[in-house]
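Chain by chain, the residues:
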Amino acid sequence: MKKIVFTLILLSQVSLTLFGQITTIPAGGIEVIGSAPMAEFKLNISSGTAEAKKVEVEGQPFKTAVQLSTLSTPRNMWDIQYSTGSKISVVQNDQMLLTFYARMVSTKDEIGLGTIMCVVEKAGPDYDKSLYRAVNLDTEWKQYFIPFKMGASYLAGGANLNIPIGTSKQQVIEIAEIQLYNYKKTLQESDLPKTEYT
């Protein structure tokens, strides 16, 4: 994977807040990573150590989540990532929406927040990215919405959704209900819910 300038992560050390009137997922989106995507994700490790396990959840609109633990620091953040591939083809400039619930359980980071990356990229060199976004997590469950446009066209399996968790500090986060929708050209970003930096 190409080296990404680390300042992108540093610039993201702010909380996320949902703005505007749209707080629900519009109908008409095509499920890019399947109808039961949580079962398709795998934890990929190329340096450092980490583990993933299913946990029960109470008081949320879902009953289970996946707990991801970074047990030792990898060489690069993307050396530990939770990943799945696209199940259908996508076309350049298709309007996409990534959504998920997440929270931080514990962290050794001084700012007291967990950090994940949200990456949609080509499934091989040069790993061209349509989405590269850092998200900070606190201890409360929140639903996150990230609209973006595809940077290129890919056949089924030609793009990956990766969630790197290998920060410079050990952490435990939980994530649930991950889905990636394709609205093609039927909706614009302004029509979709969006979690903004503040």
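Read on for a plain summary of the structure. Since we're looking at a predicted model, the values are computed, not measured.

Observations concerning the sheet that holds strand β11 (residues 159-164)
Logical step 1: Pairing is antiparallel across the open sheet formed by 5 strands, whose spatial order is β3-β6-β11-β8-β9. Every interior strand has two partners, whereas the edge strands, β3 (42-45) and β9 (129-137), have only one. Mean inter-strand twist for the sheet, computed between neighbouring axes without regard to direction, equals 25 degrees.
Logical step 2: The pairing of β3 with strand β6 (residues 80-85) spans 4 bridges and is classified as antiparallel. What sits directly across from asparagine 44, in β6, is glutamine 81.

A closer look at the packing of aromatic side chains
Logical step 1: All chains considered together, the criterion is met by 5 aromatic pairs.
Logical step 2: For the ring pair phenylalanine 41 and tyrosine 82, a centre distance of 4.9 Å and an interplane angle of 20 degrees mean the geometry is stacked. A residue pair is termed long-range when its members are at least 10 positions apart, and phenylalanine 41 in the loop between β2 (30-31) and β3 and tyrosine 82 in strand β6 qualify at 41 residues.
Logical step 3: Here the aromatic rings of phenylalanine 62 and tyrosine 101 are separated by 4.8 Å at their centres, their planes lie at 55 degrees, and the arrangement is tilted.

As for the layout of surface pockets
Logical step 1: The computed volume of the second largest pocket comes to approximately 180 Å³.
Logical step 2: Considering the residues around the second largest pocket, the lining is formed by 13 residues, among which Pro37, Met38, Glu177, Ile178 and Gln179 are closest to the centre.
Logical step 3: Contributions of two or more residues to the lining of the second largest pocket are made by β7 (95-107) and β12 (171-182).
Logical step 4: Of all the elements, β12 adds the most residues to the lining of the second largest pocket, at 4 residues.

Focus: the environment of lysine 42
Logical step 1: On the secondary structure map, lysine 42 appears in strand β3.
Logical step 2: Overall, lysine 42 belongs to the exposed group, its relative accessible area being 59%.
Logical step 3: Sequence separation of lysine 42 and tyrosine 82 is 40 residues, and the distance between their C-alpha atoms is 5.6 Å.
Logical step 4: Residues within four places of lysine 42 in sequence aside, it is in contact with Gln81, Tyr82 and Ser83.

Cut-offs used in this document
Residues numbered from 1 in each chain as written. Predicted model: local features only at pLDDT ≥ 70, side-chain atom pairs only at ≥ 80, totals over all residues. Heavy atoms only, no water. Pairing = 2+ DSSP bridges. Helix = DSSP H or I, 4+ residues; strand = E, 2+ residues; numbered from the N terminus. Axes fitted to C-alpha atoms, helices over the stretch in contact; angles between N-to-C directions. Phe/Tyr/Trp six-rings, centres within 6.5 Å; stacked < 30°, edge-to-face > 60°. 1 Å grid on protein atoms, 1.4 Å probe; cavity = no way out; pocket = protein on both sides within 12 Å on 5 of 7 lines; lining within 4 Å. Points joined across faces, edges and corners; volume = space filled by probe spheres on them. Buried < 20%, exposed > 50% of the residue type's maximum accessible area, 1.4 Å probe, protein only. Contact = heavy atoms within 4.5 Å.

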